[in-house]
Amino acid sequence: MPTDLILKNANVVTMDAARPRAELAAVSGDSIFFTGGNTELERLTGRSSKVIDCAGRTVVPGFNDAHLHLFSFVRKLLSIDLSPASVRSIEDIKEAVRKKAQATPPGTWISGTDYNEFYLQGGRIPTRWDLDEVTPDHPVVLSHRSLHECVLNSLALKLAGINAETQEPPNARIERDLATGEPNGILIDMLSYIRSEVMPPFSDEEMAEGVALADRYFLSHGITSFQEATVSNDLARWEKICSLKLNDDLRSRITMMAGAPFWKDFKQKGLKTGYGDNLMQLGAVKVMPAVRPEQSELNQLALDCHKAGFQLAFHAVDEATVDAAITAMEYVSEHSPVKTRRHRIEHCGECTPSLLERIKKLGLVIITQPPFIYYNGERYLATVPKTQQPWLYRIRSPLEAGIVVAGSSDSPVVTADPLAGIYAAVTRRAENGQVLLPEERITVEQALALYTVNAAYSSFEEKTRGSIAPGKLADMVILSGDPTRVPPEKIKDIKVEMTIIGGEVVWEG
Ligand SMILES: [Zn+2]
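In this text the structure is predicted, and so the values were computed from the model without any measurement.

What follows deals with the overall build of the protein chain. Within the protein chain, the regular secondary structure consists of 17 helices and 24 strands. Against the globule reference of 23 Å for 509 residues, the protein chain gives a C-alpha radius of gyration of 24 Å, in line with a compact fold. Here the C-alpha coordinates of the protein chain stretch approximately 80 × 55 × 50 Å along the principal axes. The 509 residues of the protein chain split such that 47% are buried. When contacts within the protein chain are restricted to residue pairs at least 6 apart in sequence, those whose partners lie at least 24 apart make up 72%.

Spelled out as structure tokens, the structure:
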């Protein structure tokens, strides 16, 4: 067996219980075949071996983001960033739109994402009239962080056919000036309609540019695997991502979930959870319960998917929805001889002790988002009722109960930086320094597990990835520091210096 790659003089944090630390890792083909001490170097080195001297730097398994939204992320990368990190006032927003307009041909849509009035001076949301001041000649759409709200300027409203006479659409709202009835540009729950029905789709050039930016982002943040969790994922989306993988446009390994509305299409094609290979695999069925889910419908959907061999991934944030998701999976367990299929709860934002007990009993996996603590912690502490606060994004309690918890970003909701997530899980510190539930802090090793072994488990891939051990895929990341040894506050400053996928160096900082 030829040795293709050796990492030597490394501080390897393997996440492999059989050998937690190593100085050296050796790769043949796309897999690791040996971890151990530097003394083995001579024996293992062959004529064609590439040897990387890590000079004492830390190597960890490639990160796996267990829940993100690829094409929304691409859209974000092609849009103006209006998150609190970039803008703090309506004037800032106007300035950013003005600059983009100057560089964009008139008539072309301009998008901005992630405004959040909680962090804007004055707490006010911009209106069409604010945006008209900076560009009357480009249609503009700005989306709220939650994606439930957006703001259009007058030209965009006109293209959407929305005016004073427009009736309220079902399950959505057009905000209006109280005196004149004229829409003020703010639309509730109409963003996906605007994006899919009013705006033209991205051109091939835009799409290629956005995908290249996303690929570079993932690799430069050490994300060697990610799981695509979009409820609108249909067969066309599957084909699209498969073709991006075939062209090597996206080098991270991808597990794509099937949206619940389309799961039967996948089934008809003979595709179910686990179909695919190490590069591209079909994951769970993503279920997005409506605002007030009909329990019997959820139960039936869950049972049908389960019986057809699919894993389930329930989007459930608040207590009532988590309860509904668990109830559906209890129904599955009562009505099927196969008791569980590692069904997942995505987010599990409010996890009370009784919900936790039921999750444990069913063997469900929780997909959490530690970066929410960092980016939204201040807002949670200010706006979530005190009675609910003790249950917010708990991680230590489920881990101690023996529940598998995987880490993710829900990107583009927050930045897909696993080290930011590890920092937040360890410190529970919000960006402004406030701490959300210090009793839910976990160790650095546990936090690393969220983004490596546990994330691999959540998509049935723990036999092939998640740790640096013989037989595993050679997905590894070289870091500028050892997160287990630096003070917790410094974890978020650690940088990814090299990313390796399948034994191939795909990114160097
Ligand atoms: Zn999501």
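Let's pick the thread back up.
In terms of nonpolar packing, the biggest core is built from 117 residues, with Ala25, Val59, Val285, Leu312, Ile345, Ile366 and Ile422 touching the most fellow members. If sequence neighbours within four positions are ignored, Ile345 has contacts with Phe314, Ala316, Val322, Ala325, Ile359, Leu364, Ile366 and Ile367. Leu82, Ile125, Val141 and Ala160 belong to the second largest nonpolar core, which has 27 residues in total.

The next subject is the environment of Asn454. When you line up the elements, Asn454 lands in helix 17 (residues 453–458). As a C-alpha pair, Asn454 and Gly407 span 47 residues in sequence and 7.8 Å in three-dimensional space. Residues contacting Asn454, with those up to four places away along its chain left out, are Val404, Val405, Ala406 and Ala449.

Now for the environment of Pro105. Counting through the fold element by element, Pro105 comes out in the loop between helix 3 (90–102) and strand 10 (110–115). C-beta crowding within 10 Å serves as the criterion here: with 8 such atoms nearby, Pro105 is assigned to the exposed category. In sequence terms Pro105 and His138 are 33 residues apart; their C-alpha atoms lie 8.0 Å from each other.

Moving on, we come to the domain arrangement of the protein chain. Split into domains, the protein chain comes out as domain 1 (1–62 + 466–509), domain 2 (65–69 + 202–465) and domain 3 (79–198). Inter-centroid distance (C-alpha atoms) of domain 1 to domain 3 is 47 Å.

Turning to the sheet that holds strand 10, a few remarks are in order. Strands belonging to one sheet form pairs held by backbone hydrogen bonds; the direction of such a pair is parallel or antiparallel. Spatial strand order, 9-10-11-12-14-13: six strands in an open sheet with mixed pairing. At either margin of the open sheet sits one strand with a lone partner, and together these are strand 9 (80–81) and strand 13 (173–176). Sheet topology note: the strand 12 (residues 149–152)/strand 14 (residues 183–188) ladder contains three bridges and is antiparallel. Directly across from Val151, in strand 14, lies its bridge partner Ile186. Against the sheet, helix 3 makes contact with strand 9, strand 10 and strand 11 (140–144), and its axis sits at roughly 155° relative to strand 10, the strand it touches most.

Our focus in this paragraph is the packing of helix 10 (residues 295–307) against helix 11 (residues 319–335). Following both chains from N to C, one finds helix 10 and helix 11 inclined at 50°, their axes separated by 8 Å at the closest point. Between helix 10 and helix 11, the angle falls in the class oblique. You can see that helix 10 and helix 11 cross each other, and the crossing is right-handed. Here Gln295, Leu298, Asn299, Ala302, Leu303 and His306 of helix 10 lie close against helix 11, whose contacting residues are Ala324, Thr327, Ala328, Met329, Tyr331, Val332 and His335. In the contact of helix 10 with helix 11, the residues fall into eight nonpolar, five polar and no charged.

Another aspect to go through is the sheet that holds strand 19 (residues 344–347). Here we have eight strands laid out as an open sheet, ordered 8-15-16-17-18-19-20-21, and parallel in their pairing. Where the open sheet ends on each side, the last strands, each with one partner, are strand 8 (63–68) and strand 21 (405–407). Recorded for the sheet is a direction-independent mean angle of 25° between the axes of neighbouring strands. Two strands pair when backbone bridges link them, and strand 19 and strand 20 (residues 365–368) are joined in this way by three bridges, in the parallel orientation. The partner of Arg344 across the bridge, within strand 20, is Val365. Relative to the sheet, helix 8 (residues 235–246) contacts strand 15 (223–228), strand 16 (253–259) and strand 17 (280–287), its axis offset from that of strand 16 by approximately 175°.

Another aspect to go through is the packing of helix 13 (residues 370–383) against helix 15 (residues 418–427). Contact pair helix 13 / helix 15: the axes reach a minimum separation of 7 Å and the direction vectors enclose 80°. Taken together, the axes of helix 13 and helix 15 lie roughly perpendicular to each other. Contact residues: Pro370, Pro371, Ile373 and Tyr374 in helix 13; Ala420, Gly421, Ala424 and Ala425 in helix 15. A per-class count over the contact of helix 13 with helix 15 returns seven nonpolar, one polar and no charged.

Burial analysis of strand 23 (residues 496–501) places five of its six residues in the buried class, which makes it a mostly covered element. Hairpin connection, strand 23 to strand 24 (residues 504–508): the antiparallel pair is bridged by two residues, and Gly502 has positive phi, about 55°.

Where strand 2 (residues 11–13) meets strand 7 (residues 58–61), two bridges bridge the pair, whose relative direction is parallel. Counterpart to Asn11 in the pairing with strand 7 is Thr58. The pairing of strand 7 with strand 22 (residues 476–479) spans four bridges and is classified as antiparallel. Looking across to strand 22, one finds that Thr58 is bridged to Leu479.

Rules used throughout
Residues numbered from 1 in each chain as written. Predicted model: local features only at pLDDT ≥ 70, side-chain atom pairs only at ≥ 80, totals over all residues. Helix = DSSP H or I, 4+ residues; strand = E, 2+ residues; numbered from the N terminus. Rg over C-alpha atoms; globule rule 2.2 N^0.38 Å. Buried ≥ 20, exposed ≤ 12 C-beta atoms within 10 Å, placed from the backbone. Contact = placed C-beta atoms within 7 Å. Core = buried A, V, L, I, M, F, W, Y, C linked by C-beta atoms within 7 Å. Domains from an automatic or database assignment. Pairing = 2+ DSSP bridges. Axes fitted to C-alpha atoms, helices over the stretch in contact; angles between N-to-C directions. Parallel < 35°, antiparallel > 145°, perpendicular 65-115°, else oblique. Left-handed = near helix turned anticlockwise from the far one by under 90°. Nonpolar A, V, L, I, M, F, W, Y, C, P; charged D, E, K, R; others polar.

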